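Structure at a glance
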Amino acid sequence: MNASLTSSIVTTAVGVLLLTAVLQTWRRSTAASVRLLVVQGLALAGLVAALGASRGDAQLLLVAGLVALVKAGLLPWALGRTATGRLVERDSGVRPALGLLGAAVLTMFAYAVSDPLRGGDQSAAARALPAGVALVLIGFWILLTRHSAVSQLVGFVVLDNGIAMVAFLTSDGLPLTVELGATLDVLLVVVILRALTTRMRDTHGGTSVDDLTELRD
Amino acid sequence: MTVLLWLPVLVPAVLGALVAWRHSDAYARYVPLAVALVILTCGVVLVAAGTIVTSSVLRADAGASYVLLCIGAVAVVALWGGLSSTSLGGRGESLICAFLAAMSLAVLSDNLGVMWVAIEATTIATAFLVGHAGTRGATEAAWKYVVLGSVGVAIAFLGVVLVYASGRAGGSPTLSWVALTSGNLTLSPHLARAGVALAVLGFATKAGLAPMHSWLPDAHSQAPAPVSGLMSGVLLSVAMYAILRVQAVGGAHIGVGLVHGLLIAFGLLSLAVAAFLTLTQRDYKRLLAYSSIEHMGIIALGVGSGTTLGLTAALLHMLGHGVVKAAMFVIAGRVLNVTGSSRIADVTGLLKRRPDLGWPFLVGSAALLGFPPFVTFFTEVAILVALTQAGLWWAAGGAALLLLVTFVGIARQVLGMTVGAPGTQDHAGDHSLVDDPPRWFRTAPVAIALASGAVVSFLALVFVPVLGAAAAALGVAR
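Residues numbered from 1 in each chain as written. Chains lettered and ligands numbered in written order. Predicted model: local features only at pLDDT ≥ 70, side-chain atom pairs only at ≥ 80, totals over all residues.

**Notes on the overall build of chain B**
Along its length, chain B carries 19 helices and 2 strands. Over its C-alpha trace chain B gives a radius of gyration of 21 Å, about what one expects of a compact globule, namely 23 Å for 478 residues. Dimensions along the principal axes, computed over C-alpha positions, put chain B at roughly 70 × 55 × 45 Å. Scored against the burial criterion, the 478 residues of chain B give a buried share of 65%. (Helix = DSSP H or I, 4+ residues; strand = E, 2+ residues; numbered from the N terminus. Rg over C-alpha atoms; globule rule 2.2 N^0.38 Å. Buried ≥ 20, exposed ≤ 12 C-beta atoms within 10 Å, placed from the backbone.)

So this is what it looks like as structure tokens:
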């Protein structure tokens, strides 16, 4: 694969990743959030595949398949499912405009602070690094500003996608065993939180984390 | 010797799977205790052998062996004591085994990535244990615990990723702790600095250090007693051990000033949070949880002092606090069974009403407050001295003041619960299990824990070389 094609695929994938993260702060319905996560997972897999193809690294292509399976398949599926079928839910929380504004500020901040991390590396992958940091920060932003349990989970997945992006952009991903372990951990955390959300609906009659006020000092 | 590396990981994993499969069997209840004994034995043998044992990704140096011993000791106390007060219905027992397997793996792994995976796995294993009761409070605690725990640990993961990426400058990125601390590697300083800072921040969340501590009182107060003991004595200590490992990586490349500065700040803040929230606390399990935050703060200060004395004392404090706190949670669980309430105001005159619970509760509290002859007294003094030696007299002074406030807070509450006239009648008698173990079997773990907390400080001849070797292996003095 020639360098300019790799570079353009990496740039496109990074653009899609950032765009889907920003849109997450704007969309209200959980179903739309989950669809955006699928797109984000596919973009991440595309990014890994492009890096793998450009380096002729078969293991990285394998990881790309794994990423597509987990991040675009299993995770959104586990998130969108409920005991009663498809999940339709709307989140209150900060207003969409404020959410978008926050995401924009965080993205600019990520570009401002990530420069030293690149250490003078001018490749397409290194230049995209700030977008990974932006995804991490936007994930936090969603966790902070959303009140429904499922939206918080979406924030956690965006955060994790950001970390995975940083890992692939800086060092072509971690060693395979660690990558597998980490992927399994994140998947299990999402499944557990999803199960807790169902239990929360039974005990609290809703899934807003604002209702979690029993324990305090 | 290499079998000693694999036993603490594989025995709990295999037995845990067996229990999950056939949890109706009567012996399932005893499996976690058996697993804890295996871990303790391996830890003792590894510490006694005093050599570095390596096998594939596993590696035990003096530091890892010592922390494995701590895990084993705390787990034996918590699980033995918990046998008579709580039934976890099979699934709980298998989750405890999974938790212990992950903790052993985290301690014995040479690879920072594998260590991270194991620590994150403990969040997964304990999530349902925290929410075991199924009540509103338990669900809320489990939710907060998993969200905060995994977000915190995700930050640590970003740190691990950046440390790995920093090795690319030298051509061979690695996560092997031995290679990262060997000094033969060139790390790109910017990435390494960001990585180390994020990893410490993330693992500090899991270690319950303020200001990332808010999950801890909820989780500790809602979990069944033995699980609270395990979280306090094992989980927090292993997270601190992860910080020590990351600190050594920093020390080999970018200096330790950054990590030590963070730890001093976290330590003082944890002491402050514990001091002011114990004063007004109304729930005795939460009181014990805030005491755990206090003790993790003390350990952080010991490590942050950067002296050998501070690190050695911090390691001993880890063992002393863990064992005593496990015993305290066991007693708190029994008090809860007897009185049916975890409110401090509902428990009065324990010494007269139930001397078998009142006395150990009073003595254990004294140990937590750092009364001599308990080991916590010596380690706390040593850590204050270490801070002064390092020129951090202001931190030592602040810590001493905050310890005094905590002392007043906890002593007032505990005296109110134990000394004085008994108030209301017992709730509904002792909810013991049907096949209740004999009395000596119930008292023994608590007695052993409190006695060893008092005796350990006088075993200096045995412990000083062990602690010295552990501190040298974990510290920056390599």
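**Details of the environment of K71(A)**
Residue and element names in this part refer to chain A. With respect to the secondary-structure elements, K71 resides in helix α3 (residues 58-80). Classification of K71 as buried rests on a count of 25 C-beta atoms within 10 Å. Spatially, the C-alpha atom of K71 lies 7.5 Å from that of L42, the residues being 29 residues apart in sequence. Filtering out sequence-adjacent residues up to four positions away, K71 remains in contact with G41, L44, A45 and N161. (Contact = placed C-beta atoms within 7 Å.)

**Thoughts on unusual backbone geometry**
A cis amide bond links A210(B) with the next residue in sequence, P211(B), at an omega value of 5 degrees. If you trace the backbone, P211(B) turns up in the loop between α8 (189-206) and α9 (215-222). The residue after P372(B), namely P373(B), is reached through a cis peptide bond having omega 10 degrees. Mapped onto the elements, P373(B) comes out in the loop between α15 (355-369) and α16 (375-389). The backbone of D172(A) sits at a positive phi, close to 55 degrees, despite the residue not being glycine. Structurally, D172(A) is set in the loop between α8 (149-171) and α9 (176-204).

**Observations regarding the packing of helix α3 (residues 62-82) of chain B against helix α10 (residues 225-253) of chain B**
All names here are of chain B. It is the contact of α3 with α10, at a shortest axis distance of 8 Å, that shows an interaxial angle of 170 degrees. Classified by the interaxial angle, the pair formed by α3 and α10 is roughly antiparallel. Where α3 abuts α10, its residues V67, C70, I71, V74, A75, V77, A78, L79, G81 and G82 lie against A225, P226, G229, L230, G233, V234, S237, V238 and Y241. Partitioning the contact of α3 with α10 into residue classes produces 14 nonpolar, 5 polar and no charged. (Axes fitted to C-alpha atoms, helices over the stretch in contact; angles between N-to-C directions. Parallel < 35°, antiparallel > 145°, perpendicular 65-115°, else oblique. Nonpolar A, V, L, I, M, F, W, Y, C, P; charged D, E, K, R; others polar.)

**Some thoughts on the interface of chain A and chain B**
Between chain A and chain B, the contact holds 33 residues from the first and 39 residues from the second. When contributions to the side of chain A that touches chain B are tallied by element, the ones reaching two or more residues are α5 (115-118), α7 (129-145), α8 and α9 of chain A. The element best represented in the side of chain A that touches chain B is α9(A), accounting for 13 residues.

**Brief notes about the confidence of the model for chain B**
Residue and element names in this part refer to chain B. In this model, chain B carries an average pLDDT of 90, and 95% of its residues clear a pLDDT of 70 or more. Here helix α19 (residues 460-474) stands out as the element of chain B with the lowest mean pLDDT, 86, in contrast to helix α12 (residues 284-304), whose mean of 96 is the highest. Per-residue pLDDT stays below 50 along residues 430-434; that stretch engages in 6 contacts with residues further than four places along the chain or on separate chains. The ipTM assigned to the predicted complex is 0.93, against a pTM of 0.94. (pLDDT = per-residue confidence, 0-100.)

**Points about the confidence of the model for chain A**
Chain-level pLDDT for chain A is 86 on average; 94% of the residues reach the 70-or-more range. Ranking the elements of chain A by mean pLDDT puts strand β2 (residues 85-86) of chain A last, at 44, and α7(A) first, at 92.

**So, the nonpolar core**
Among the nonpolar cores identified, the biggest contains 272 residues, and V48(A), I138(A), V74(B), A75(B), V161(B), V238(B) and A327(B) are the most heavily contacted of them. Of all the elements, helix α6 (residues 136-166) of chain B adds the most residues to this core, at 21 residues. (Core = buried A, V, L, I, M, F, W, Y, C linked by C-beta atoms within 7 Å.)

**Digging into the packing of α9(A) against α6(B)**
With their axes 10 Å apart at the nearest point, α9(A) and α6(B) run at an angle of 155 degrees to one another. One finds that α9(A) runs roughly antiparallel with respect to α6(B). Between α9(A) and α6(B) the crossing geometry is left-handed. Listed contacts from α6(B) to A182(A), V189(A), I192(A), L193(A), L196(A), R199(A), M200(A), T203(A) and H204(A) of α9(A) are R136(B), T139(B), A142(B), W143(B), V146(B), V147(B), S150(B) and F157(B). Here the contact of α9(A) with α6(B) is built from residues that sort into 11 nonpolar, 4 polar and 2 charged. (Left-handed = near helix turned anticlockwise from the far one by under 90°.)

**Concerning the environment of V158(A)**
Residues and elements named next belong to chain A. Mapped onto the elements of the fold, V158 is located in helix α8. Along the primary structure V158 and H204 are separated by 46 residues, whereas in three dimensions their C-alpha atoms are 26 Å apart. For V158, the residues in contact, after removing those within four places along its chain, are A21, Q24, L135, I138, G139 and I142.

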